[in-house]
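# Fold and contact review
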Amino acid sequence: MYEPKPEHRFTFGLWTVGNVGRDPFGEPVRSPMSPLDIVHMLAEAGAYGVNFHDNDLIPIDATGAERDKIVADFKKALADTGLVVPMATTNLFSDPVFRDGAFTSNDPKVRAYALQKTMQAMDLGAELGAQVYVFWGGREGTETDAGKSPLDAGKWFREALNFLCEYNLDQGYNFKFALEAKPNEPRSDIYLPTTGAMLGFIATLDHPHMVGVNPEVAHEHMAGLNFMHAVAQAWDAGKLFHIDLNDQKFGRYDQDFRFGAESIKQAFYLVKFLEEVGYEGSRHFDAHAYRTADLNDVKEFARGCMRTYLILKEKAQQFRADHEIQALLAEIKADDGSMNPYFGSYSKDKAQALKAHSFDRVTLGQRGQPYEKLDQLLIELLLGVR
Ligand code: GLT
Ligand code: MN
Ligand code: MN
């Protein structure tokens, strides 16, 4: 039971299980694992795929020959394990050159270098079969707004994405671009801080159909928002191209905890939503093990992410099959159809008729909803006593 299978589309980034446990106050606690070791470890844990930043795989200073050798070895590990690469991305935040951002740096040479680096990383992703290309603007932001206008930054970011969409078309890569929002960290403020902001921005691009979002649980929780609502808006707009699953205490630094480690209820609503709408993309765990973990515990971390997802998927089925819960929902949503003539598209007659209708406002206002009872049933279901 709860065994991950390829059809569950569980993926991990090389940087997730490969995280060495460095933090702003402490040195690494785990030895770096090679990409090949990570692929084998993920395969053993039951994952479907592995994602990477260009420099997770190819060191930033590698020669062409070194790159080709690494790619060949990596392809072999994929073939040996059956793992696939559904998503790739660019590291536009680690190197000092990106200290003031990449596409939104005030320095035009840095902006141009970021474009060059992204095109090369897209080539790499395409070569390894990736279909989704993620953009996380790690350092696209500011500490002080005295030095940069958000209008300039927005213009530069738009130009960069338009350029890269054309490159995508030109090369026939067919990538779906997925923009990932984060409110802050490592910058004091990051531009386009929420999934909703990204959705608004996408509509201003030259090829909006090519671009969607990659919402991350922890990033919306850092901003105090309801993640499932953000995901629902993205889904409704046809823009849920990818998703980053992890967990996080609200309002804290970017914790990237194991999926479901903190907010079981939010994780439940999310899994229920994804499964019910029929989301077919990767379930990507963008998380890492606690700094206290050793290598065995890192494996437990990876298994835990997938296992919790599958348990919550089962809980969602139980929710749908629970007679008491469903009876309450039927009561909550009771509809005698008498208002149907007023809904749907506008007509003058409809508007006239609705204006003439007499409502018993006071009686309507006296009706409560049994959400307490429903929520307690859900809690008991999640706690395993139903
Ligand atoms: C980094 C970040 C993540 C992004 C990754 C992709 S890298 O770990 O915290 O949220 O999704 O660039
Ligand atoms: Mn992420
Ligand atoms: Mn994160």
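Placed above this text is the structure.
Attention in this report is confined to the structure presented alongside it.

The rules we used
Residues numbered from 1 in each chain as written. Chains lettered and ligands numbered in written order. Predicted model: local features only at pLDDT ≥ 70, side-chain atom pairs only at ≥ 80, totals over all residues. Heavy atoms only, no water. Helix = DSSP H or I, 4+ residues; strand = E, 2+ residues; numbered from the N terminus. Rg over C-alpha atoms; globule rule 2.2 N^0.38 Å. Buried < 20%, exposed > 50% of the residue type's maximum accessible area, 1.4 Å probe, protein only. Contact = heavy atoms within 4.5 Å. Lys, Arg positive; Asp, Glu negative; His and termini not counted. Charge placed at Lys NZ, Arg CZ, Asp CG, Glu CD. Donors = N, O, S within 2.8 Å, 3.2 Å for Na, K, Ca; no water. Salt bridge = Lys/Arg side-chain N within 4 Å of Asp/Glu carboxyl O. Axes fitted to C-alpha atoms, helices over the stretch in contact; angles between N-to-C directions. Parallel < 35°, antiparallel > 145°, perpendicular 65-115°, else oblique. Nonpolar A, V, L, I, M, F, W, Y, C, P; charged D, E, K, R; others polar. Near = heavy atom within 4 Å. Polar contact = N/O pair within 3.5 Å; in protein donor to acceptor, adjacent residues only side chain to side chain. Tetrahedral: all angles 85-135°; square planar, octahedral: opposite > 155°, others 65-115°.

### Some words on the overall build of the chain
- Summing up its helical and strand segments, the chain has 15 helices and 10 strands in all.
- The C-alpha radius of gyration computed for the chain amounts to 23 Å, which stays within 12% of the reference 21 Å derived for 386 residues, consistent with globular compactness.
- Here the C-alpha coordinates of the chain stretch approximately 75 × 50 × 40 Å along the principal axes.
- When burial is assessed residue by residue, the chain has 47% of its 386 residues classed as buried.
- Of the contacts made within the chain by residues no fewer than 6 positions apart, 77% connect residues no fewer than 24 positions apart.
- Within the chain, one finds 41 positive and 55 negative side-chain charges whose respective centroids are separated by 3 Å.

### Examining the coordination of the manganese ion (ligand 3)
- Protein coordination at the manganese ion (ligand 3): the donors are Glu216 (OE), His219 (NE2), Asp254 (OD) and Asp256 (OD), at 2.0 to 2.5 Å from the metal.
- The distance between the manganese ion (ligand 3) and the manganese ion (ligand 2) is 4.7 Å, with Glu216 acting as a donor to both metals. Neither Glu216 nor His219 differs from the other in exposure class; each is buried.

### Considerations on the pattern of salt bridges
- Taken as a whole, this structure holds 20 salt bridges when the rule is applied.
- A salt bridge links Asp254 to Lys182; the nearest nitrogen and oxygen atoms lie 2.7 Å apart. With a gap of 72 residues between them, Asp254 in the loop between strand S9 (244-245) and helix H10 (264-277) and Lys182 in the loop between strand S6 (176-180) and strand S7 (189-190) connect regions that are remote in the sequence.
- Since its relative accessible area comes to 14%, Asp254 is described here as buried.
- In this structure, the salt-bridge partner of Arg386 is Glu324, at a minimum N-O distance of 3.2 Å. Separated by 62 residues along the polypeptide, Arg386 in the segment after helix H15 (371-382) and Glu324 in helix H12 (residues 323-332) bring together distant segments of the chain.
- The partly exposed category is assigned to Arg386, whose relative accessible area is 38%.

### Digging into the environment of Lys76
- Structurally, Lys76 can be placed in helix H4 (residues 64-81).
- With 40 residues separating them in the primary sequence, Lys76 and Leu36 have C-alpha atoms 9.1 Å apart.

### As for the packing of H10 against H15
- With their axes 11 Å apart at the nearest point, H10 and H15 run at an angle of 95 degrees to one another. One finds that H10 runs roughly perpendicular with respect to H15. Contacts from Ile264, Lys265, Phe268 and Tyr269 in H10 reach Asp375, Leu378, Ile379 and Leu382 in H15.
- Within the contact of H10 with H15, the residues separate by chemical class into 6 nonpolar, no polar and 2 charged.

### Remarks on the site of ligand 1
- Lining the immediate environment of ligand 1, one finds Trp15, His53, Phe93, Trp136, Glu180, Glu216, His219, Asp244, Asp254, Asp256 and Asp286.
- Within the side chain of His53, a nitrogen or oxygen atom sits 2.7 Å from an oxygen atom of ligand 1.
- Asp244 places a side-chain nitrogen or oxygen 3.0 Å from an oxygen atom of ligand 1.
- Tallied by class, the residues present in the shell around ligand 1 amount to 3 nonpolar, 2 polar and 6 charged.

### Re the coordination of the manganese ion (ligand 2)
- Taken together, Glu180 (OE), Glu216 (OE), Asp244 (OD) and Asp286 (OD) make up the full set of protein donors to the manganese ion (ligand 2), lying 2.0 to 2.2 Å away.
- The site at the manganese ion (ligand 2) holds 6 donor atoms, and with the angles between them running 75 to 165 degrees, its shape is octahedral.
- Counting the intervening residues between successive donors of the manganese ion (ligand 2) yields the motif E-x35-E-x27-D-x41-D.

### As for the environment of Trp136
- Mapping Trp136 onto the fold places it in strand S4 (residues 132-136).
- Here the alpha-carbon distance between Trp136 and Thr89, two residues 47 residues apart in the chain, equals 8.1 Å.
- Excluding its chain neighbours within four sequence positions, the residues that come into contact with Trp136 are Phe93, Glu180, Lys182, Glu185, Pro186 and His219.

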